[in-house]
Amino acid sequence: TTIAGDITTTGSGAHGIYNLGDDNSSTLAAGGSITTSGSDAAGIYNFGDSKETTVFGSISTGGERAYGIYNKVSNNTTTISNGGGISTEGVDAYGIYFSGNNSTATVGGDITTTGSGAHGIYNLNNNSSTLAADGSITTAGSDAYGIYNFGDNNTTTIAGDITTTGSGAHGI
């Protein structure tokens, strides 16, 4: 799936893109945008193994648990390219959320989150890697970590910037 235009959704669970199954890829081209408004309304929701998501455009979400990109299951790769970005606003509205093993995030663009517990990247898994390569992760809210690794054998490499504001808002 390649998106060069705009997708806008409103409502609980109204995802911008919903990929169900294995071995799918999604590319949000430069100038393209995904905007969601509503609880549990992810910009891109990947449910299955071996998904590849690349963002050159912008993803903006508003609502409780309205993740920018939600990768459920394992072996998923997400790249936020230079010039691409994710912005979320809401309680527990993570920029990127991995809930499976062996996943990779590369951030060359920007991730910005606002809200209590709104982590920039949340790795709820094992054997995952995060590379913040010249990009930035900015969070504002209590307990809103820049990168939150919960699991075994996760690797994080920082070449860009992480800025957090709020009580208990750790960088990593």
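One structure accompanies this document, and this report is about it. (Residues numbered from 1 in each chain as written. Predicted model: local features only at pLDDT ≥ 70, side-chain atom pairs only at ≥ 80, totals over all residues. Heavy atoms only, no water.)

Moving on to the overall build of the chain. The helix and strand inventory of the chain stands at zero helices and 20 strands. Relative to its length of 172 residues, the chain is compact, with a C-alpha radius of gyration of 14 Å against a globular reference of 16 Å. Sorting the 172 residues of the chain into buried and exposed places 48% on the buried side. Residue pairs at least 24 apart in sequence account for 80% of intrachain contacts in the chain once pairs closer than 6 positions are excluded. Roughly 6,800 Å² of accessible area belongs to the chain as shown, and the carbon and sulfur atoms make up 44% of that amount. (Helix = DSSP H or I, 4+ residues; strand = E, 2+ residues; numbered from the N terminus. Rg over C-alpha atoms; globule rule 2.2 N^0.38 Å. Buried < 20%, exposed > 50% of the residue type's maximum accessible area, 1.4 Å probe, protein only. Contact = heavy atoms within 4.5 Å. Areas by Shrake-Rupley, 256 points an atom, 1.4 Å probe, with all protein chains shown as cover.)

Here we come to the side chain of Thr-36. In this structure, Thr-36 sits in strand β5 (residues 33-37). For Thr-36, a relative accessible area of 3% translates into the label buried. Within the local environment of Thr-36, its side chain forms a polar contact with the backbone oxygen of Ala-41, the two atoms lying 2.7 Å apart. Ignoring sequence-local partners within four residues, the contact set of Thr-36 consists of Thr-9, Ala-14, His-15, Gly-16, Ala-41, Ala-42, Gly-43, Ser-60, Thr-61 and Gly-62. (Polar contact = N/O pair within 3.5 Å; in protein donor to acceptor, adjacent residues only side chain to side chain.)

This brings us to the nonpolar core. Ile-34, Ile-59, Ile-69, Ile-86, Ile-96, Ile-111 and Ile-121 are the most contacted members of the largest nonpolar core, which has 19 residues in total. Among the elements of the structure, β12 (96-99) and β13 (104-107) are those that each provide at least two residues to this core. Counting residues in each nonpolar core, the second largest holds seven residues, with Tyr-67, Tyr-70, Tyr-94 and Tyr-97 among its members. (Core = buried A, V, L, I, M, F, W, Y, C linked by side-chain atoms within 4.5 Å.)

Quick look at the pattern of salt bridges now. In the structure shown here, the tally under the stated rule is two salt bridges. Residues Arg-65 and Asp-40 are paired through a salt bridge, measuring 2.7 Å at the closest nitrogen-oxygen approach. One end of the pair, Arg-65, is in the loop between β8 (58-62) and β9 (69-72); the other, Asp-40, is in the loop between β5 and β6 (44-47), and 25 residues separate them in sequence. Between Glu-64 and Arg-65 there is a salt bridge, with its nearest N and O atoms 2.9 Å apart. Classification of Arg-65 by relative accessible area gives partly exposed; the value is 29%. Linked by salt bridges that have partners in common, Asp-40, Glu-64 and Arg-65 make up one network. (Salt bridge = Lys/Arg side-chain N within 4 Å of Asp/Glu carboxyl O.)

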